[in-house]
Amino acid sequence: MIQAKKSLGQNFLEDENTLLHIIEAASLLPNDHVLEIGPGKGALTDKLLDKAAQVTALELDERLISFLKKRYSGRKNFHLLHIDALSYKPPSTTYKIVANIPYYITSPLLRHYLFEQFLDGNPPKSIIFMLQKEVAQKIMAKKAKHSLLSLQVHMFGEPKWICSVEKRAFNPRPKVDSAVIKINVNEKAKLDVDLKKLFWLFKVSFAQKRKKLSKNLSNVLNLQANEIKERLTKLGINKDIRAEALSIEEWGLIYEAFLT
Ligand code: SAM
């Protein structure tokens, strides 16, 4: 019996319906290469192996490595790596990510596999993540309320809500509710700008979330808040706006006006 380790975010998925939802949403083709982060005891891996040409699974827990090696000893399309998923360099050929991830590294995983691989020209075609429901909602940015995380995701892809998942779908049960989302990754970023500079702009604009954009920008651009407000009005943007309310197109205008 392998006892779940809290420190590694181990909540093993046991609900067959949720597994089927994930597999259906992945729409895998027979020649697909799937990257699975944290295969655990293999609940999802079983199904991925039946659908895809290759499955590369990254697992940090040594006990699970021995378990999975035995379990899949006859499967030629299974490649298991004992590695921290945050230090893995993905294949340079087309791949899709499907994973019930450890929640404690959700943002670093998105940074590594979406933003950094995108900048390196090697992003996945799509990402399916089971994650904390609250974080999934934040990424979806419903009611046009963006966060730093949602903007970064929307810049490269289209997030889609797949399903909510109750605590009882797991063993042991997590403290939080979960959800599955799919991000179809675009070939081009939504704005044709220097992405590193744009990400800096996002970061400084969200530095003090409750403050107006003009205030946050005046702290770093060497301009008075009033001057910034005048320029925003000229761009057709509400001068009192907060960063969370800006659309991607408005970010494009602000980038042009203040960073070029
Ligand atoms: N996929 C399995 C399932 O659905 O039942 C397990 C999911 S569990 C939420 C997360 C898994 O990620 C665990 O197996 C854990 O050991 C593994 N893990 C945690 N941190 C990791 C890391 N940095 N790199 C790779 N795997 C990690």
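Within any chain, residue numbers begin from 1 and follow the written order of that chain's sequence. With the structure being a predicted model, the display of local features is reserved for residues of pLDDT at least 70 and the display and counting of side-chain atom pairs for 80 or more, all residues being used for whole-chain, interface and lining totals. Side-chain descriptors were evaluated using all non-hydrogen atoms of the structure, hydrogens and water having been removed beforehand.

## Side note on the domain arrangement of the protein
Quite often, the size of an interface is put as the accessible area lost when its parts meet. Where a domain begins and ends is set by an automatic assignment or by a domain database. According to the domain assignment, the protein consists of domain 1 (6-185) and domain 2 (195-259). With centres defined by C-alpha atoms, the gap from domain 1 to domain 2 works out at 33 Å. The contact criterion used throughout is that any non-hydrogen atoms of two residues lie within 4.5 Å. With 12 residues of domain 1 at the contact, the number on the domain 2 side is 12 residues. Computed with a 1.4 Å rolling probe, the buried area is the accessible surface lost when two parts are put together, summed over both parts. Both sides together, the interface formed by domain 1 and domain 2 hides about 1,100 Å², and carbon and sulfur atoms give 81% of it. Area buried by domain 1 at its contact with domain 2 is led by Leu148, Leu151 and Met155, which between them contribute 44% of it. By salt bridge we mean one thing: a side-chain nitrogen of Lys or Arg within 4 Å of a carboxyl oxygen of Asp or Glu. Counting across the domain 1 and domain 2 interface gives 1 salt bridge. Of the charged contacts, one joins Lys145 and Glu244 as a salt bridge, the two residues approaching to 4.0 Å between their closest N and O atoms. What qualifies as a polar contact is a pair of N or O atoms within 3.5 Å, subject to a donor-acceptor requirement within protein and to the restriction that residues adjacent in sequence count only when both atoms come from side chains. Viewed at the interface, domain 2 and domain 1 are joined by 1 residue pair in polar contact (both at pLDDT 80 or more). Among the elements of the structure, α4 (106-119) and α6 (148-156) are those that each provide at least two residues to the side of domain 1 that touches domain 2. Working definition: helices are DSSP H or I runs of at least four residues, strands are E runs of at least two. Numbering for both runs from the N terminus. Ranked by residues supplied to the side of domain 1 that touches domain 2, first place goes to α6 with 6 residues. A breakdown of the residues in the side of domain 1 that touches domain 2 according to their chemical character gives 7 nonpolar, 4 polar and 1 charged. Any residue outside Ala, Val, Leu, Ile, Met, Phe, Trp, Tyr, Cys, Pro, Asp, Glu, Lys and Arg is labelled polar, Gly included; the first ten of those are nonpolar and the last four are charged.

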